[in-house]
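Commentary on secondary and tertiary structure
Spelled out from the first residue to the last, the chains are:
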Amino acid sequence: MNIIQVASEAVPFAKTGGLADVAGALPIHLEQLKHKISLFVPFYRQIKESKLKLTPTNIGIEVKIGDKTSKAKIWTALIPESKATAYFIQNDEYYNRDNLYSTSKGDYPDNSERFIFFSRAVLETIKALNINADIIHCHDWQTALIPVYLKTIYNSDPLFKNIKTVFTIHNLAYQGLFWHWDMKLTGFDWSLFNWKQLEFWGKLNFLKGGLVFSDILTTVSPKYSHEIQTTEFGAGLDGVLRERQANLYGIINGVEYTDWNPESDKLIPANYNATGMEGKYTCRKSLQESQNLPASNAPIIGMVTRLAGQKGLDILVEIFDELMKEDVQFVLLGTGEEKYHKAMTDIQKKYKKKTGINLKFDNSLAHLITAGADMFLMPSRYEPCGLNQLYSLKYGTPPIVRETGGLADTITNYDGSNLKTATGFSFREHTGQALFKTIKNALSTFQNKKVWKQIVKNGMKQDWSWKRSAGEYNKLYLKLKG
């Protein structure tokens, strides 16, 4: 099949988060299943200034945005490790900026216009290139208007007549909400601005458009696909999702084991695998040294995260003094909300000999923590998929997680009776008490080396590769095309 992937960011071209990892990896693995793949991304400054080989085309397009017409040029590049082509939509007014979506002061005020333009520009580029696609797979709110355009303004174009759409929700909390007058920029008839389609409490909701008009919906874990149909996790769109439940699927994101594999990882001081763990002990020692921690046998809890309430920082801070009474060391890497920066800075001052707090982004340190820690903490309030728990499994670092979303789907809690299948530790209630009880259980289990070794091995033999995930998407594509 001829499949087009559309995303607002993709590795290795432009990245702010996990969406880019998915959009960059999925095309490679779909191509290996003999599909013809194209990827569309805005031509950001980040891409323009990269060292990647970019080729300008002689293709120029025009897009009507409200009462004006905006132009774009098209660039291309090969997606590394594949023969698939990435197409970049160049409009410097919209995309030649320091950041992709926002500054430190907040979102760009014209994000609505920027991604209305991108959505229509993708379709105009497909026309200019005469790509006879079978599937257009859109990712997150920035691309959610494409299925709407296909079913309305572009529905009479013979090139698009038989195209089917897949829309993937990476995080339902981010919806692309804008004031209602931005409907004028879309070119849509105002009749679409109603509570069943594009309107959401008086605002224009991009994501809702994708949910209503796409042929198939997916999200990034089976558990999350059920959670978002509830009031607690539905972010106001649970009713829409319940109406679409027959066409809603959960597929766990894959892991690029070329980047995250302790046997070949070049960012850690020693390599290892499930049958030879000596290298992990070297990584452990190196982690302690890098954080100025004593060379103790106390279990090390690692955490690589965005510092936010969603990630469970609130309940972690709540129980931290109690945790420090245990024989344990703690290492954290991440940035985020100012109040948690302050809380973690205070913790570092108070517990200098037991904690390493790193308020920054550092990919090498992220790998070292994953390899050198004894257990990995992810107490998220909600987690659509999560990747760090999958990395930690591969590195022999059993995760401690809240039983939600992708964390629930990927981690099997050790309950004392399931040693052959357990891969970590989990809790249900999002409370400090539940978190602390589970950490204490993990610390206690750590002392039983035979049991701990088995849990580690169980996790290391898990396969959460992109090959697995791409196969699940392939089944949906085949189902759509009959």
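Residues numbered from 1 in each chain as written. Predicted model: local features only at pLDDT ≥ 70, side-chain atom pairs only at ≥ 80, totals over all residues. Heavy atoms only, no water.

Attention now moves to the overall build of the protein chain. Within the protein chain, the secondary structure is distributed over 18 helices and 20 strands. Overall, the C-alpha framework of the protein chain stretches about 70 × 45 × 45 Å when taken along its three principal axes. Relative to its full complement of 482 residues, the protein chain shows a buried share of 60%. Restricting to contacts in the protein chain with at least 6 residues of sequence separation, those with at least 24 account for 72%. Put simply, the protein chain shows about 20,700 Å² of open surface, and 49% of that area lies on carbon and sulfur atoms. (Helix = DSSP H or I, 4+ residues; strand = E, 2+ residues; numbered from the N terminus. Buried < 20%, exposed > 50% of the residue type's maximum accessible area, 1.4 Å probe, protein only. Contact = heavy atoms within 4.5 Å. Areas by Shrake-Rupley, 256 points an atom, 1.4 Å probe, with all protein chains shown as cover.)

As enumerated under the stated definition, the model contains 26 aromatic pairs in all. Taking 6.4 Å as the distance between ring centres and 45° as the angle between the ring planes, the aromatic pair formed by Tyr95 and Phe117 counts as tilted. With Tyr95 in helix α3 (residues 92-95) and Phe117 in helix α4 (residues 111-129), this residue pair connects regions lying 22 residues apart in the sequence. When its relative accessible area of 0% is taken as the criterion, Tyr95 is described as buried. Geometrically, the ring pair formed by Trp190 and Phe193 is edge-to-face, given 5.7 Å between the ring centres and 75° between the ring planes. Aromatic ring contacts, followed pair by pair, group Tyr101, Phe115, Phe118, Trp141, Phe178 and Phe206 into a single cluster. Here Arg97 stacks its cationic end above the ring of Tyr108, 4.7 Å away from the centre of that ring. The side chain of Lys394 reaches across the aromatic face of Tyr257, ending 4.6 Å from its centre. (Phe/Tyr/Trp six-rings, centres within 6.5 Å; stacked < 30°, edge-to-face > 60°. Lys NZ or Arg CZ within 6 Å of the ring centre and 35° of its normal.)

All told, the structure shown has 22 salt bridges when counted by the stated rule. Residue Lys48 pairs with Asp92 through a salt bridge whose shortest N-O separation is 3.1 Å. With Lys48 in helix α2 (residues 45-48) and Asp92 in helix α3, this residue pair connects regions lying 44 residues apart in the sequence. The partly exposed category is assigned to Lys48, whose relative accessible area is 32%. Relative accessible area serves as the criterion here: at 35%, Asp92 is assigned to the partly exposed category. Between Asp374 and Arg284 there is a salt bridge; the shortest N-O distance is 3.0 Å. Of this pair, Asp374 sits in the loop between α13 (363-372) and β18 (375-378) while Arg284 is found in helix α10 (residues 278-290), placing the two residues 90 residues apart along the sequence. When salt bridges that share partners are traced, they join Lys68, Glu93 and Glu113 into one network. (Salt bridge = Lys/Arg side-chain N within 4 Å of Asp/Glu carboxyl O.)

On to the packing of helix α11 (residues 313-323) against helix α12 (residues 338-350). Packing of α11 against α12 leaves a shortest axis separation of 11 Å and a crossing angle of 25°. On the basis of their axis angle, the class for α11 and α12 is roughly parallel. In the packing of α11 onto α12, the handedness of the crossing is left-handed. Contacts between α11 and α12 involve Leu313, Asp314, Leu316, Val317, Phe320 and Asp321 from the first element and Tyr340, Ala343, Met344, Ile347 and Lys350 from the second. Here the contact of α11 with α12 is composed, by residue class, of eight nonpolar, no polar and three charged. (Axes fitted to C-alpha atoms, helices over the stretch in contact; angles between N-to-C directions. Parallel < 35°, antiparallel > 145°, perpendicular 65-115°, else oblique. Left-handed = near helix turned anticlockwise from the far one by under 90°. Nonpolar A, V, L, I, M, F, W, Y, C, P; charged D, E, K, R; others polar.)

Evaluation of the coordinates by the stated rule reveals zero disulfides. Free of any disulfide, Cys385 has its nearest cysteine sulfur in Cys138, 20 Å distant. (Disulfide = S-S within 2.5 Å.)

What follows concerns the sheet that holds strand β15 (residues 300-304). A sheet is described by the order of its strands in space; here six strands give the open sequence β17-β16-β15-β18-β19-β20, paired in parallel fashion. A single partner strand is all that each edge strand has here, and the edge strands are β17 (355-358) and β20 (425-427). In this sheet, neighbouring strand axes are inclined to one another by 20° on average, regardless of whether the strands run parallel or antiparallel. Relative to strand β19 (residues 399-402), β18 runs parallel, the two sharing three bridges. When the bridges of β19 are listed, Phe376 appears paired with Pro399. Its contacts with the sheet place α11 against β15, β16 (329-333), β17, β18 and β20, and it is angled at close to 160° to β15. (Pairing = 2+ DSSP bridges.)

As a further point, take the sheet that holds strand β11 (residues 199-200). Sheet strands associate in pairs through backbone hydrogen bonding, adopting either a parallel or an antiparallel arrangement. The strand order across the open sheet formed by three strands is β10-β12-β11, and the pairing between neighbours is antiparallel. Across the chains shown, the open sheet's two edge strands, defined by having one partner strand only, are β10 (177-179) and β11. Taken together, the two bridges between β11 and strand β12 (residues 203-205) define a ladder with antiparallel strand orientation. Bridge pairing in β12 places Glu199 opposite Leu204. Taken strand by strand, helix α7 (residues 206-213) contacts β10, β11 and β12, and its axis lies near 50° from that of β12.

Here we come to the layout of surface pockets. Size it by volume and the second largest pocket reaches roughly 490 Å³. Lining the second largest pocket we find 20 residues, and of these Tyr281, Asp374, Phe446, Lys449 and Trp452 sit closest to its centre. The element that contributes the greatest number of residues to the lining of the second largest pocket is helix α17 (residues 449-460), accounting for five residues. For the lining of the second largest pocket, the class distribution of residues is eight nonpolar, five polar and seven charged. (1 Å grid on protein atoms, 1.4 Å probe; cavity = no way out; pocket = protein on both sides within 12 Å on 5 of 7 lines; lining within 4 Å. Points joined across faces, edges and corners; volume = space filled by probe spheres on them.)

Taking 1.5 Å as the rise per residue, helix α18 (residues 466-481) with 16 residues should run 22 Å; its terminal C-alpha atoms sit 22 Å apart, in good agreement. For α18, the set of buried residues is Trp466, Ser469, Ala470, Tyr473, Asn474, Leu476, Tyr477 and Leu480. Buried positions in α18, seen along its axis, are confined to an arc of 165° and lie on one side of it. Residues of α18 that are exposed and angled more than 90 degrees away from the buried face: Lys467, Lys475 and Lys479. After α18 finishes, the residue Gly482 shows a positive phi value of roughly 70°. (Expected span 1.5 Å × (residues − 1). Arc of directions from axis to C-beta.)

As a further point, take the nonpolar core. By size, the foremost hydrophobic cluster in this structure holds 96 residues, and its most contacted members are Ile126 and Ile136. Tallying contributions element by element places α4 first for this core, with eight residues. Beyond its immediate chain neighbours, meaning those up to four positions away, Ile126 contacts Ile4, Phe40, Ile131, Ile136, Leu159 and Phe160. Residues Ile300, Val304, Ala373 and Trp452 belong to the second largest nonpolar core, which totals 70 residues. (Core = buried A, V, L, I, M, F, W, Y, C linked by side-chain atoms within 4.5 Å.)

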